[in-house]
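Secondary and tertiary structure notes
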Amino acid sequence: MSTQAQAVIGALYGDEGKGLMVDRLAAATPGAVVVRSNGGAQAGHTVVDPAGVRHVFHHIGAGSFAGAATHFSRFFVAHPMLLLDELTALGQLGVEPEISSDPRAPVTTPFDVIINQALELARGTARHGSCGLGFGETIERNLRPEFALSTKDLFRPDLHARLVSIRDAWVPVRLAALGITALPAELAAALADDITTARFEADCAAYLDRAALWPDRRLCERGPVIFEAAQGLELDQDRGVFPHVTRSNTGLANMLAISVEAGITELAATYATRCYTTRHGAGPLKGEVPALSGINIVDPTNAPNEWQGTLRLAPLDLDTLRQAIARDLTLDRGGITIRGGLAVTCLDQAEDGFAITDHGEAIRLDPAEAASEIADLAGLPLWAESWGPRRGEVRLRMDAAAA
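Residues numbered from 1 in each chain as written. Predicted model: local features only at pLDDT ≥ 70, side-chain atom pairs only at ≥ 80, totals over all residues. Heavy atoms only, no water.

A cluster of acidic side chains, namely E351, D352, D366, E369, E373 and D376, defines a negative patch on the protein surface. Within the element layout of this structure, D352 appears in the loop between strand 12 (337–345) and strand 13 (354–358). (Patch = residues over 30% accessible without salt bridge, like charges linked within 9 Å, V, L, I, M, F, W, Y side chains within 5 Å. Areas by Shrake-Rupley, 256 points an atom, 1.4 Å probe, with all protein chains shown as cover. Salt bridge = Lys/Arg side-chain N within 4 Å of Asp/Glu carboxyl O. Lys, Arg positive; Asp, Glu negative; His and termini not counted. Charge placed at Lys NZ, Arg CZ, Asp CG, Glu CD. Helix = DSSP H or I, 4+ residues; strand = E, 2+ residues; numbered from the N terminus.)

So this is what it looks like as structure tokens:
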């Protein structure tokens, strides 16, 4: 039983290529289990398999194409309604991942989604950048023990009564606290319809058919662990710029807590960044520009959408990158040994002379040398660089592979 683990963490605002890196590490780690350490269904980690088949992973670990199992940690928010859709899509691709969940993993209900969407719509042009999937509302509700719902609760004989209580008692209290006096007609109809609750109960039953209960403390019995973070360090609830953050810790914090339970003593953390910066959703973005010179952006995953708008762009800012990673690496480690390295992605989209910034000054780079130079300037060893969306286009350094 190994006491070493690997991790992939987004260094900035998400969309850095975490799915690609998890897929590459899983392919190099036979028998791996990918552990979702934060976030929920709002994640979108794109993987293209060697044959060119593409899937955006939301719930399931991004190592599934490489044969890795998936584990939902106690910090991961399960969304049974959307999980089943993803499993159906993967089944059509011939992929049937083995899934386990810590019993404490919170569960999103349709009522959390309704509140989330009503709140974001009410904000109008002052939206926070939510995906509209109920993630933050699930966290909020679970702070109230009488309305909390975790994976183990889906086995309860009084599940229906608990859901009705959430609908009839929690939703009005929460809406009043948010200052929402009336729901949009479509959301109001969904809230009032008993079919909404009945369908969710069916989704929960199907979820339990697919996910085995397995505590985080026994993770290492399942195989070599690869932690897969969601979002990025600049969206961390404790370190990002409020209110444009996610309701979770996006870096090492959750991984360290899980590792203490599981007896993991060594952790190799790969911090992923594109060779430029993106942000999908509202909030500050240093150096934001309408278009990036020297970058031919290819991003079919982050299409404009109602909840997050259009993908925003900026040159990679080394000050921001260094500070974000340094803050993460200075967390209390609980006696766990941590090594950190950098992965630079999307280099195939860069042209000669594209620019990054450092201390407000532009630095022109040759794409062929850019990953090494960015890593040197960031003060980290270079563990990986990607020149395309498939694992065969990722150059994995020995330090990361041996971690």
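Time to look at the packing of helix 9 (residues 318–329) against helix 10 (residues 367–378). Between helix 9 and helix 10, the least distance of the axes is 9 Å, while the angle of their chain directions is 60°. On the basis of the axis angle, helix 9 is oblique to helix 10. Between helix 9 and helix 10 lies a crossing of right-handed hand. Along the contact surface, helix 9 presents L318, L321 and R322, while helix 10 presents I374, L377 and A378. Tallied by class, the residues present in the contact of helix 9 with helix 10 amount to five nonpolar, no polar and one charged. (Axes fitted to C-alpha atoms, helices over the stretch in contact; angles between N-to-C directions. Parallel < 35°, antiparallel > 145°, perpendicular 65-115°, else oblique. Left-handed = near helix turned anticlockwise from the far one by under 90°. Contact = heavy atoms within 4.5 Å. Nonpolar A, V, L, I, M, F, W, Y, C, P; charged D, E, K, R; others polar.)

Let us look at the packing of aromatic side chains. The tally for this structure, following the rule as stated, stands at three aromatic pairs. Pairing F57 with F65 gives two aromatic rings, centres 5.5 Å apart and planes at 75°, and the pair type is edge-to-face. What makes F57 buried here is its relative accessible area of 1%. Taking the relative accessible area as the measure of exposure, F65 reaches 16% and is therefore buried. Look at F147 and W170: their rings are 5.6 Å apart centre to centre, the planes differ by 45°, and that puts the pair in the tilted class. Taken as a pair, F147 in the loop between helix 4 (135–141) and helix 5 (159–177) and W170 in helix 5 lie far apart in primary sequence, 23 residues in all. Across the pair, W170 and F147 agree in class, each one buried. (Phe/Tyr/Trp six-rings, centres within 6.5 Å; stacked < 30°, edge-to-face > 60°. Buried < 20%, exposed > 50% of the residue type's maximum accessible area, 1.4 Å probe, protein only.)

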